[in-house]
Amino acid sequence: NGSSQGGVGVAGDGNSDGGVRCLWEDELVVVLTGGARAVKKAKDCVIGECLASGNLQPNYITHVKNAIADTYTITTNNGWVKHCTLTHRVITSVADTNGTLVKRLKAGDIVLSDTDGRIEPTTILSIEKHLEKQKVISFTLAPTRTFMSGHTENGLTGGIIDHNSKEIFDAV
């Protein structure tokens, strides 16, 4: 079908064929526990855990992959901050059903976020590269492919809405 979840190949900056789409291992993701939303570090998530995805369907982790990669910090005007690779995908609108690669985004672009259960568009203020490569994690999810990740200074629950569909030709 031309796509896989969690990526194929090696992690990187999107310039190698099949670069894995990943989050920084210490980035926060929203999990559902007994129907309640909570946050935990991506590296602490386990197979079978349920990730929240805004008003979209919850998804279960079926596989976890680790790598080392260049990472970037995305900062939005509503306070969300996310650390991820350039091959990570985020949802930019309700019509963006497969997500958009971070490497195709720039300051001023819109992404969707969930803030304490409220879905809203937010503007990217900056995308900045980290100086050193970081440990990153990629999830395979079922039954669909969306989840939320990121953090704020004021401890809100939610994040920028992500999509982990990996198109075979993303790296081209």
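Residues numbered from 1 in each chain as written. Predicted model: local features only at pLDDT ≥ 70, side-chain atom pairs only at ≥ 80, totals over all residues. Heavy atoms only, no water.

## With respect to the nonpolar core
What counts here: Among the buried residues, those of types Ala, Val, Leu, Ile, Met, Phe, Trp, Tyr and Cys that are joined through side-chain atoms within 4.5 Å form a nonpolar core. Classification of residues uses two cut-offs on accessible area relative to the type maximum, computed with a 1.4 Å probe and protein chains only: under 20% is buried, over 50% is exposed, and between them is partly exposed. Note on conventions: DSSP H or I runs of at least 4 residues are helices, E runs of at least 2 residues are strands, and numbering of each starts at the N terminus. Contact definition: two residues touch when any of their heavy atoms are within 4.5 Å.
One finds Val-29, Cys-45, Leu-51, Phe-139 and Phe-147 to be the most contacted residues of the largest nonpolar core, which totals 22 residues. At the level of elements, strand 3 (28-33), strand 7 (72-76) and strand 13 (134-142) are the ones that each hand at least two residues to this core. Those residues within four positions of Phe-147 in sequence are excluded, and the remaining contacts are Leu-23, Val-29, Leu-51, Ala-52, Ser-53, His-88, Phe-139, Leu-141, Ile-160, Ile-161, Asp-162 and Asn-164. Residues Val-30, Ala-52, Leu-112 and Ile-161 belong to the second largest nonpolar core, which totals six residues.

## Points about unusual backbone geometry
For the bond running from Ala-142 to Pro-143, omega is 10 degrees, close enough to zero to count as cis. Examined against the element boundaries, Pro-143 turns out to sit in the loop between strand 13 and strand 14 (146-149). Notably, Asp-116 is not glycine yet its phi reads approximately 50 degrees, a positive angle. The topology assignment puts Asp-116 in the loop between strand 11 (110-115) and strand 12 (118-129). Classification of Asp-116 as partly exposed rests on a relative accessible area of 47%.

## Considering the pairing of strand 7
The cut-off we apply is this: Strand pairing is assigned whenever DSSP detects at least two bridges linking the two strands.
The buried fraction of strand 7 is high, at four of five residues. The pairing of strand 7 with strand 8 (residues 81-84) spans four bridges and is classified as antiparallel. Within strand 8, the position partnered with Tyr-72 by the bridge is Cys-84. Taking the residues between adjacent antiparallel strands as the criterion, strand 7 and strand 8 are bridged by four residues, where Gly-79 takes a positive phi near 100 degrees. Here five bridges tie strand 7 to strand 12, and the two strands are oriented antiparallel to one another.

## Brief notes about the pairing of strand 6 (residues 59-69)
Where strand 5 (residues 50-51) lies against strand 6, two bridges are found, and the strand directions are antiparallel. Across the sheet, residue Leu-51 finds its bridge partner in strand 6, namely Asn-59. Sheet topology note: the strand 6/strand 13 ladder contains nine bridges and is antiparallel. Bridging from a neighbouring strand, Ala-67 pairs with Val-136 of strand 13.

## Overview of the pattern of salt bridges
Rule in force here: Between Lys or Arg on one side and Asp or Glu on the other, a salt bridge is scored when a side-chain nitrogen of the former is within 4 Å of a carboxyl oxygen of the latter.
This model, assessed by the stated rule, comprises nine salt bridges. Between Lys-129 and Asp-70 there is a salt bridge whose closest N-O contact spans 3.8 Å. Of this pair, Lys-129 sits in strand 12 while Asp-70 is found in the loop between strand 6 and strand 7, placing the two residues 59 residues apart along the sequence. Accessibility expressed as a relative area gives 48% for Lys-129, which makes it partly exposed. Judged by relative accessible area, Asp-70 falls into the buried class, the value being 11%. Note that Lys-106 is salt-bridged to Asp-109, the shortest N-O span being 3.1 Å. Residue class for Asp-109 comes out buried when judged on its relative accessible area of 19%.

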